[in-house]
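# Results of the structural survey
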Amino acid sequence: MNHDLLKQVIYDQHEIIKNFQIFPREYEFDLNANYIVIGIRRAGKSTLLYKIVQDLIAEGTDWNQIIYINFEDERLSEFTLNDFNDIISVQAEMSDKKGWFFLDEIQNIDGWEKFARRLADSKEHTFITGSNAKMLSSEIEKRLGGRYLTKYVTPYNFREYLTAKNIDYSDKAILSTKDSGKIRRELETYFYFGGFPENLEYIDKREYVSSIYQKILLGDIAARNGIRNNTGLRLLMKKIAESVKDEVSYSKLHNTLKTIGVSISKDVVIDYVGYAQQSFLIFAIRNYFSKFVDKETTPKYYFNDNGLLNLFLTKEEPRLLENLVAINLWNKYKENVYYLKGQNLDADFFVEGTNEVIQVAYSVTNISNDRETKALVEAAKTVKEAKRFIIITWEEEKELTVDGVKIEVIPVWKWLIKN
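Cut-offs and rules
- Residues numbered from 1 in each chain as written.
- Predicted model: local features only at pLDDT ≥ 70, side-chain atom pairs only at ≥ 80, totals over all residues.
- Heavy atoms only, no water.
- Helix = DSSP H or I, 4+ residues; strand = E, 2+ residues; numbered from the N terminus.
- Buried < 20%, exposed > 50% of the residue type's maximum accessible area, 1.4 Å probe, protein only.
- Pairing = 2+ DSSP bridges.
- Axes fitted to C-alpha atoms, helices over the stretch in contact; angles between N-to-C directions.
- Contact = heavy atoms within 4.5 Å.
- Arc of directions from axis to C-beta.
- Phe/Tyr/Trp six-rings, centres within 6.5 Å; stacked < 30°, edge-to-face > 60°.
- Lys NZ or Arg CZ within 6 Å of the ring centre and 35° of its normal.

What follows covers unusual backbone geometry. The phi angle at R42 is positive, at roughly 65°, despite the residue not being glycine. Summarising the element assignment, R42 is placed in the loop between β1 (35–38) and α2 (45–58). Unusually for a residue other than glycine, K245 sits at a positive phi of about 95°. Structurally, the position occupied by K245 is in the loop between α10 (230–242) and α11 (250–259). Among the residues examined, K245 registers a relative accessible area of 26% and is labelled partly exposed.

Now for the sheet that holds strand β6 (residues 282–287). The strand order across the open sheet built from 8 strands is β7-β6-β8-β9-β10-β11-β13-β12, with neighbouring strands paired in mixed fashion. The sheet terminates laterally at β7 (300–303) and β12 (398–402), the two strands that pair on one side only. Geometrically, the sheet is characterised by an average inter-axis angle of 35° between neighbouring strands, direction not taken into account. The sheet strands contacting helix α12 (residues 266–278) are β6 and β7, and the helix crosses β6 at an angle near 110°. Against the sheet, helix α15 (residues 371–382) engages β8 (337–342), β9 (345–351), β10 (356–360), β11 (388–393), β12 and β13 (405–411), with an angle of about 70° to β9.

For the rest of this paragraph, the subject is the side chain of T154. Within the secondary structure, T154 is located in the loop between β5 (149–152) and α6 (158–164). T154 gets classed as buried once you look at its relative accessible area, which sits at 8%. When residues no more than four places from it in sequence are discounted, the contact partners of T154 are R25, Y27, A43 and N331.

Before going further, it helps to spend a moment on the pairing of β8. In the sheet, β6 pairs with β8 via 2 bridges, with the strands oriented parallel. Directly across from R286, in β8, lies its bridge partner Y338. Connecting β8 to the antiparallel partner β9 that follows it, the hairpin turn spans 2 residues, and N344 within it adopts a positive phi of roughly 65°.

Residues Y250, L253, H254 and L257 constitute the buried set of α11. Along α11, the residues classed as buried sweep out an arc of 100° about the axis, all on the same side. Check the buried side of α11 and you find it contacts α10, α12 and β7.

According to the stated counting rule, one finds 28 aromatic pairs in the structure shown. Each residue in the set F20, F29, Y35, Y50, Y68, W100, F102 and F127 is aromatic and connected to the rest through ring pairs, giving one cluster. The residue whose ring lies beneath K18 is W63, and the NZ or CZ to ring-centre distance is 5.2 Å. A cation over an aromatic ring shows up here: K300 above the ring of Y339, its NZ or CZ 4.8 Å from the ring centre.

Our focus in this paragraph is the sheet that holds strand β3 (residues 100–104). Read from one edge to the other, the open sheet built from 5 strands follows the order β2-β3-β4-β1-β5, with strand pairing classed as parallel. Taken across any chain shown, the strands that pair with only one partner, and hence form the sheet edges, are β2 (66–70) and β5. Strand-to-strand, the axes of this sheet are offset by a mean angle of 15°, without reference to chain direction. Bridging between β2 and β3 involves 5 bridges; their strand directions are parallel. In the sheet register, I67 faces β3, and the bridge partner there is F101.

The structure is reproduced here in structure tokens:
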């Protein structure tokens, strides 16, 4: 590849990084390690790399040591595996000091992992981003041979969102009538439009989230996987959104699509759902009890950002609330989060390790005798590991004891700040 073109891409990226305003995030990097930074599109992966670059420059690194290449730059549309060696040559031309390599959205180049391994073997400082979970496949992990640490990046959690909005969420602020009111006001926007960092700059937030969804659906899922039946894909995602909070099997999704005239096989449904998970659009939480039986698990699916789910729903606050709780739990605990479904037991979440059973209820009325408390009491009897029992609501807060089980009722804004 033309070296002057590569240098132009790098120098232009330097100017972007120099002038980029960065808000603090809850991520830390060991600069002695190499990283693969993954997550849903527009979650802020590049911004984290910008922050690393800015810190390096502040500590004395020269700009000519910074080799930052965004592979979504249209000037690199013809870039192939054979061109990677030119990046090393260009770094040597730009500086006689050791380089720092930042390779953004590298999954666009087939065979990228071979170059990544060579960089690591050469003891180069390397940071790689991607928007596809295929980057963590067992095959690629084998090729990289443990040379990279993985950092999973999400849209803003609520604390990060408040920080970006310059809203105080300290213990003092939580107790202050005025400051807590500001926090609850910001929750409204976060609840409906999610935490994509750039969305804070937009007036029409729904339109911005919709543009991200279209890019994920048509680019990261359809184009990348050669899908031609975009209508079937769109309707499948719509049905998954309408099923948030509920167990759903591949067979059920297949039959639902069939009843509305969408003719795709069950195997295709399985593939499409897998692609959606690989692009970080959705994630699955499974039944805790399914670990102990030899049968196909019927998961619950959730969307990785509330703004994305809200594109499909109208006045579905209970689904949005449960989705928001699921996001927070999944981002923190991953596969250690389950739901509980068994005889006489139906609880929204169980976190293995913290041993918390969590119910989500937008509003509670006769709280000592409703679905939420009954499920928690049954969980206390059935799941010996369960130690803490919580109901997350929109605004109610109290503590109560039902059949000897202590239950905490926590408003979601407080729970999000503390968790």
